[in-house]
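Okay, here's what each chain looks like letter by letter:
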Amino acid sequence: MKIYRSNRMKPLADQLVEVLRTPVDASATPLERMKQRDMVVVQSQGMARWLDMHIAEQLGICANIDFPFPREVVRQSVCSVVGVEDSVWDGGQPDSLLWPVLESLAEHLDDPCFETLTGYLTGRGGSAERALGTADGILLAAEVANVFDRYLSYRPDMVLQWEQQQGGDDWQPKLWRTLRQRMDADHIAALFSEFQKAIAEGNATPGNRLPQRICLFGISTLPPFFLEVFSSLSQIRDVHLFVLCPSNEYWGDIRSKREKARLLRQMEKRGDIAELDALYLNEGNPILASFGRLGRDFQVVLEGMDSASPYVEADIELFSEPVTAVPTMLNVLQSDILHLRHRGIEGDAGSAPLLDCSDETAYPERGEPRVPSIQFHVCHGDLRQVEAI
């Protein structure tokens, strides 16, 4: 799996065009190349539409390119390698699990482990049995089905342990084991072990169900399970991952001040006495530490794949310095995030204070009013935020 990183979306899109421009099979005829389809995995329809127009602008046409979501590609990849129909996946989806969960809950209402659920149902309908057949019971079953679906994506190992009579006597393992008996086919966590085995033994024959090249573009985060699927898939297909990364430094270890305080409180509750400096927690840039938790966690997962399934870093520099000849405050903040730097109000070594880079002095030669590069709007609700935008 080859990874491209940049702090700007356009360089990533331009590099994606170059990858798509290169034929997967150099020996193929022009007609064969035209028939080969490509797959660009995205997380939103808006991103797919923007890429569609950008590719057409660069190549003159955007044709024979699919823009599916990650979950659909994982399903298609696992099922094609294992050799089962894609419909097998549907058995573990929340919509398919709803009624089996409802029936399984009815069997365990007298179980002491389900006291929390029966107490909730009793408070909604007088008795748990009667409330389970109402809208409240169906909503509860739907929420449980969604939780199990997330477990299959984010905690597949735990679900497999439940099926092996491990994981304690809580209501969730018991309910899952009962639910598993009602499922007609294997779920995705069970199929994944067969998927890995088939690829490791060289028995993976997806045929034409998967294209020869798969690109993932603008993915902000993925479950570790999904990332393992794409990493394993790279052994039989060309997989390219385009990651929008605000910093060209490793920032998986940075923590905000609030996270540091929370960690210290947790250690004090456990009786562990530690100095903050002894934890080796670096705040880095406070804006990135506070608002970049999602990308930070994804970077940790991505770097953790190096030991099991190594990836290849692209040998092309796509990061760009945002500071212009006359920098604005926004340019300076973006540059600080890029280099994982925090100059503060007073400035740090070799850096001017942030207030000296304000928009008030950005364009002194202009006489017209200047629009600040950073604006704060205090809004009292979501609707007001939309109105302000």
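Since this is a predicted model, take the numbers as computed values, not measurements. (Residues numbered from 1 in each chain as written. Predicted model: local features only at pLDDT ≥ 70, side-chain atom pairs only at ≥ 80, totals over all residues. Heavy atoms only, no water.)

1. A closer look at helix H16 (residues 329-338)
Extensive coverage of H16 is indicated by the burial of eight of its ten residues. Considered for burial, the residues of H16 that qualify are Met329, Asn331, Val332, Leu333, Ser335, Asp336, Ile337 and Leu338. Where H16 is buried, its residues touch helix H14 (286-291). Phi turns positive one or two residues past the end of H16, at Leu340, with a value near 55°. (Buried < 20%, exposed > 50% of the residue type's maximum accessible area, 1.4 Å probe, protein only. Helix = DSSP H or I, 4+ residues; strand = E, 2+ residues; numbered from the N terminus. Contact = heavy atoms within 4.5 Å.)

2. Describing helix H11 (residues 188-200)
Under the 1.5 Å per step criterion, the end-to-end length of H11 is 18 Å for 13 residues, consistent within 8% with the ideal 18 Å. For H11, the set of buried residues is Ile188, Ala189, Ala190, Leu191, Phe192, Phe195, Ala198 and Ile199. In this fold, the buried residues of H11 make contact with helix H4 (70-82), helix H8 (135-154), helix H9 (156-163) and helix H12 (224-233). In the segment just after H11, Gly202 is the residue with positive phi, at about 75°. (Expected span 1.5 Å × (residues − 1).)

3. Brief notes about the pattern of salt bridges
Inspection of the entire model under this criterion finds 16 salt bridges. The residue Glu103 makes a salt bridge to Arg182 at a minimum N-O spacing of 3.0 Å. Note that Glu103 is positioned in helix H5 (residues 94-107) and Arg182 in helix H10 (residues 171-182), a separation of 79 residues in sequence. A relative accessible area of 44% means that Glu103 is categorised as partly exposed. We classify Arg182 as partly exposed; its relative accessible area is 30%. Among the ionic pairs, Asp297 bridges to Arg296, the shortest N-O distance being 3.4 Å. (Salt bridge = Lys/Arg side-chain N within 4 Å of Asp/Glu carboxyl O.)

4. Details of the packing of helix H1 (residues 9-21) against helix H3 (residues 45-59)
Two elements in contact, H1 and H3, have axes whose closest approach is 10 Å; the angle formed by their N-to-C orientations is 60°. With respect to each other, H1 and H3 are oriented oblique. The hand of the H1/H3 crossing is right-handed. Every residue of H3 that contacts H1 at Met9, Lys10, Ala13, Asp14, Leu16, Val17, Leu20 and Arg21 is listed here: Met47, Trp50, Leu51, His54, Ile55, Gln58 and Leu59. Each residue belonging to the contact of H1 with H3 can be placed in one class, and the counts come to ten nonpolar, two polar and three charged. (Axes fitted to C-alpha atoms, helices over the stretch in contact; angles between N-to-C directions. Parallel < 35°, antiparallel > 145°, perpendicular 65-115°, else oblique. Left-handed = near helix turned anticlockwise from the far one by under 90°. Nonpolar A, V, L, I, M, F, W, Y, C, P; charged D, E, K, R; others polar.)

5. Describing a positive patch on the surface
The grouping of Arg258, Arg262, Arg265 and Lys269 at the surface amounts to a positive patch. Judged by its relative accessible area of 74%, Lys269 falls in the exposed class. (Patch = residues over 30% accessible without salt bridge, like charges linked within 9 Å, V, L, I, M, F, W, Y side chains within 5 Å. Areas by Shrake-Rupley, 256 points an atom, 1.4 Å probe, with all protein chains shown as cover. Lys, Arg positive; Asp, Glu negative; His and termini not counted. Charge placed at Lys NZ, Arg CZ, Asp CG, Glu CD.)

6. Observations concerning the sheet that holds strand E5 (residues 238-244)
The strand order E3-E2-E4-E5-E1-E6 describes an open sheet built from six strands, whose pairing is parallel. Both outer strands of the open sheet, strand E3 (65-66) and strand E6 (312-313), are each paired with one neighbouring strand and no more. Relative to E5, strand E1 (residues 2-6) is paired through five bridges, and the arrangement is parallel. When the sheet's bridge partners are listed, Arg5 is paired in E5 with Val243. (Pairing = 2+ DSSP bridges.)

7. Section: the confidence of the model for the protein
Looking at the protein as a whole, the pLDDT averages 81, with 84% of positions reaching at least 70. With pLDDT under 50 throughout, residues 361-369 is counted as low confidence; its partners more than four residues away or in other chains account for seven contacts. (pLDDT = per-residue confidence, 0-100.)

8. A closer look at the pairing of strand E4 (residues 213-217)
In terms of residue burial, E4 counts as a mostly covered element, since five of its five residues are buried. Pairing analysis gives three bridges linking strand E2 (residues 38-41) to E4, with the strands arranged parallel. Along E4, the bridge assignment pairs Met39 with Ile214. Two elements, E4 and E5, share five bridges in a ladder whose sense is parallel. Among the inter-strand pairings, Cys215 is bridged to a residue of E5, identified as His240. Remark: the E4/H12/E5 crossover connection has right-handed handedness. (Right-handed = clockwise from strand over helix to strand, strands pointing away.)

9. Quick look at the packing of aromatic side chains
What the rule picks out here adds up to ten aromatic pairs. Here the aromatic rings of Tyr4 and Phe242 are separated by 4.5 Å at their centres, their planes lie at 5°, and the arrangement is stacked. Here the residue Tyr4 occupies a position in strand E1, and Phe242 occupies one in strand E5, the gap between them amounting to 238 residues. With respect to class, Tyr4 is no different from Phe242; both count as buried. Ring geometry for Tyr151 versus Trp162: centroids 5.6 Å apart, planes at 85°, classification edge-to-face. In this pair, Tyr151 is assigned in helix H8 and Trp162 in helix H9, connecting sequence segments eleven residues apart. Take Trp162: its relative accessible area is 5%, and that puts it in the buried class. (Phe/Tyr/Trp six-rings, centres within 6.5 Å; stacked < 30°, edge-to-face > 60°.)

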